[in-house]
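Listed below, chain by chain, are the residues.
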Amino acid sequence: MGKKIKTRLEYIAQVTENFTNIPATKLSQSSPSNKFPLVSICIPTYNGENFIRAAINSALSQTYSNLEIIISDDNSTDKTLEIAKTLQLENPQIEFRIICHQNYGLVGNLNFCISQARGKYIKFLFQDDLLEKSCIEEFVKIAEEDSEIGLVFSRRRVILEPGAENNSTCVAAYRGTQDLHKDWSNLKTIQSGKDLLLDPNLMKYRLNKIGEPTTVLIPKTVFEKIGLFDSSLTQVLDIDMWFRIMGNYKIGFVDKPLSQLRIHPRQQTQLNLASGKNPQDYQRFYQKMLENTVYSFLTPEVKETARKKLGILLKQNFSQLQNLVEQYRRFTADESVLNNLRQLRRQLAEKLLGLSNEQLKYFYQAEIGETYKLMLNSGIKNEALTASEKEFVVNLQENFSAKNIWQNVLVFLLYRFAFQLPINYRQAVLPKWIFTDFLNFLFARPLNFQEVGELEKYCEYVKDLIVYLKGNVCSNSNSAVRQSIAAFLADDLDLTVLSCCDFPLPNTWQNVLELREFF
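Residues numbered from 1 in each chain as written. Predicted model: local features only at pLDDT ≥ 70, side-chain atom pairs only at ≥ 80, totals over all residues. Heavy atoms only, no water.

## Regarding the overall build of the protein
Part 1 of the reasoning: Within the protein, the regular secondary structure consists of 22 helices and ten strands.
Part 2 of the reasoning: Across the 519 residues that make up the protein, the buried fraction comes to 51%.
Part 3 of the reasoning: The contacts in the protein between residues at least 6 apart in sequence include a share of 79% that link residues at least 24 apart. (Helix = DSSP H or I, 4+ residues; strand = E, 2+ residues; numbered from the N terminus. Buried < 20%, exposed > 50% of the residue type's maximum accessible area, 1.4 Å probe, protein only. Contact = heavy atoms within 4.5 Å.)

Printed below as a string of structure tokens:
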């Protein structure tokens, strides 16, 4: 993996499109010594004119001298670059680069910073945060003690920006981000990251017990080994990185506040909270912990906790479903209720399609199964599909995958009925966790047959299905399977619709009677 990541970093550095390097007024001519290795202070910026001067000044004020400062600007439209360039010109004694490029977003900009860094160590500094004067000196001192250290962090102060005290989200963030290090049960100056992953508090309290990128120092070689920040994450990209580093390196800790986190309404974290993106981001992270091979070092106990947390989040997404279904049944003509139910159905479909086979099995027997059956029995399937829903179903049919067959089948059944399913049920192997439910799904029918020939199609389908099930009852060696099928046909099967068919079905009735007698 190391060579691939290194190649990617070099590629980003050499062929990144649309960026301009504003050269430093003076580059450091001294080569980094072993005693004082070069540290790259990486400052990703975007419209940060309110705080960028203070952030850069805190970098310039470091007691550690062998530094380079990299401003990586995400196409700011305010005075961020003007302020940065002024400070660059005022400080010719330090290597100070300003790189302007197209808008990559926070994660892309962080990864770009890494590609530009020349130092042995990378010190991130967000545009609205501050470093204490001895921050880098203290970090490097610990990092140089042990070559197996992959991350050094410290305590940090939390600042509530004046005026933000009237913002409830900011106040909650201010209170909730204090003293993260205290959430560890046994934090040491230097310890194995895997020991921290075994900490009984790992998945308790606040998940991020290290802090934000401003709070850490990381050797550049770490990124070459374990990869860059995950671009699919927004709010928990740092937690993901810290966990991955803990799984591969030792961790250093300085028991002093060496940085300052500023809380204000325009902060990206607060914008993410206001947009409601956090739960989705945590879901992606928990799914990654469960399925991605980069987390092979996690214990089964940690993964089980992640699975439970993911289940809670999945259930929270549909906490209003019960109430919405009740409203829909009472006020079927209410377009707003119907549209809300349609949106929840689509969200549920996307969730199902995003689950792995293992996750589907687990969550169907818990939170997601209850939600699924509530949606399935809501009655919305009797509504005509919208144009976008028809397109979604068509795309689903065209991309049926044998690898994820049950995700596809369950989503299809949210919109259509089993007799309209574009696969041969005779070839399906029914897992135990869905066996009984799926029998109900197979025989479900519309409240009203809306298309010409649909009733006849359903009757033929039922006739063939009963013959197929009868064969299973008579030949299946599993007595539990035989009993389940026979019991279903005896107690739960409603075939009154068959009496509406224009053609006789004597064999079908006979087969049903024989099956019921078997039971």
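There's plenty left to go through after this.
## Regarding the nonpolar core
Part 1 of the reasoning: Core analysis: the largest hydrophobic core is formed by 106 residues, its most contacted members being Phe243, Ile245, Phe285, Met289, Leu352 and Tyr372.
Part 2 of the reasoning: No other element matches the eight residues that helix H18 (residues 405-415) contributes to this core.
Part 3 of the reasoning: Once residues lying within four places of it in the same chain are set aside, the contact partners of isoleucine 245 are Gly150, Leu151, Ile218, Val222, Ile226 and Ile251.
Part 4 of the reasoning: Of all hydrophobic cores here, the second largest spans 32 residues; its members include Ile43, Tyr64, Leu125 and Ile142. (Core = buried A, V, L, I, M, F, W, Y, C linked by side-chain atoms within 4.5 Å.)

## Notes on the pattern of salt bridges
Part 1 of the reasoning: This model, assessed by the stated rule, comprises 23 salt bridges.
Part 2 of the reasoning: With its nearest N and O atoms 2.9 Å apart, the salt bridge here joins glutamate 304 to arginine 307. Within this pair, glutamate 304 and its partner arginine 307 are both found in helix H12 (residues 300-317), separated by three residues, close to a single helical turn.
Part 3 of the reasoning: On the basis of relative accessibility, which here comes to 26%, the residue glutamate 304 falls in the partly exposed class.
Part 4 of the reasoning: Assessed through its relative accessible area of 10%, arginine 307 is described here as buried.
Part 5 of the reasoning: Within the structure, one salt-bridge network assembled from shared partners comprises Glu68, Glu95, Arg97 and Arg118. (Salt bridge = Lys/Arg side-chain N within 4 Å of Asp/Glu carboxyl O.)

## A short note on the side chain of serine 76
Part 1 of the reasoning: Note that serine 76 resides in the loop between strand E3 (67-73) and helix H3 (80-90).
Part 2 of the reasoning: A polar contact is formed between the side chain of serine 76 and the backbone nitrogen of asparagine 47, at a distance of 2.7 Å.
Part 3 of the reasoning: There is a polar contact of 2.6 Å between the side chain of serine 76 and the side chain of aspartate 73.
Part 4 of the reasoning: With residues near it in sequence (within four places) discarded, serine 76 still touches Thr45, Tyr46 and Asn47. (Polar contact = N/O pair within 3.5 Å; in protein donor to acceptor, adjacent residues only side chain to side chain.)

## Let's talk about the packing of aromatic side chains
Part 1 of the reasoning: Going through the model one piece at a time under the given rule, you end up with 18 aromatic pairs.
Part 2 of the reasoning: Ring geometry for phenylalanine 285 and tyrosine 286: centres 6.0 Å apart, planes at 35°, overall tilted.
Part 3 of the reasoning: The exposure class assigned to tyrosine 286 is buried, which follows from its relative accessible area of 6%.
Part 4 of the reasoning: Three or more aromatic residues link up through ring pairs in this structure, and these residues are Phe243, Tyr282, Phe285, Tyr286, Tyr295 and Phe297.
Part 5 of the reasoning: One residue, lysine 209, lies across the ring of tryptophan 184, its end atom 5.9 Å from the ring centre. (Phe/Tyr/Trp six-rings, centres within 6.5 Å; stacked < 30°, edge-to-face > 60°. Lys NZ or Arg CZ within 6 Å of the ring centre and 35° of its normal.)

## Here's the deal with the pairing of strand E5 (residues 121-124)
Part 1 of the reasoning: Both faces of E5 are covered, namely the face carrying Tyr121 and Lys123 and the face carrying Ile122 and Phe124.
Part 2 of the reasoning: Here four bridges tie strand E2 (residues 39-45) to E5, and the two strands are oriented parallel to one another. Bridge pairing in E5 places valine 39 opposite tyrosine 121.
Part 3 of the reasoning: Strand direction decides the pairing type here: E5 and strand E9 (residues 216-219), joined by three bridges, are antiparallel. Among the inter-strand pairings, tyrosine 121 is bridged to a residue of E9, identified as proline 219. (Pairing = 2+ DSSP bridges.)

## Topic: helix H16 (residues 367-376)
Part 1 of the reasoning: Restricting attention to buried positions, one finds in H16 the residues Ile368, Gly369, Thr371, Tyr372, Met375 and Leu376. Taken end-on, H16 shows its buried residues confined to a sector of 165°, consistent with a single buried face.
Part 2 of the reasoning: In this structure, the buried side of H16 is in contact with H12, helix H13 (321-330), helix H14 (335-354), helix H15 (357-364), H18 and helix H19 (435-443). (Arc of directions from axis to C-beta.)

## Some remarks on the pairing of strand E10 (residues 250-263)
Part 1 of the reasoning: Of all 14 residues that make up E10, eleven are buried, and the element is covered over most of its length.
Part 2 of the reasoning: Bridge analysis of strand E6 (residues 130-131) against E10 gives two bridges, and the strand direction is antiparallel. Note on E10: the bridge partner recorded for leucine 131 is serine 259.
Part 3 of the reasoning: Examined bridge by bridge, strand E7 (residues 149-160) and E10 share ten bridges and lie parallel to one another. Directly across from phenylalanine 153, in E10, lies its bridge partner phenylalanine 253.
Part 4 of the reasoning: Two strands pair when backbone bridges link them, and strand E8 (residues 190-192) and E10 are joined in this way by three bridges, in the antiparallel orientation. Along E10, the bridge assignment pairs glutamine 191 with isoleucine 251.

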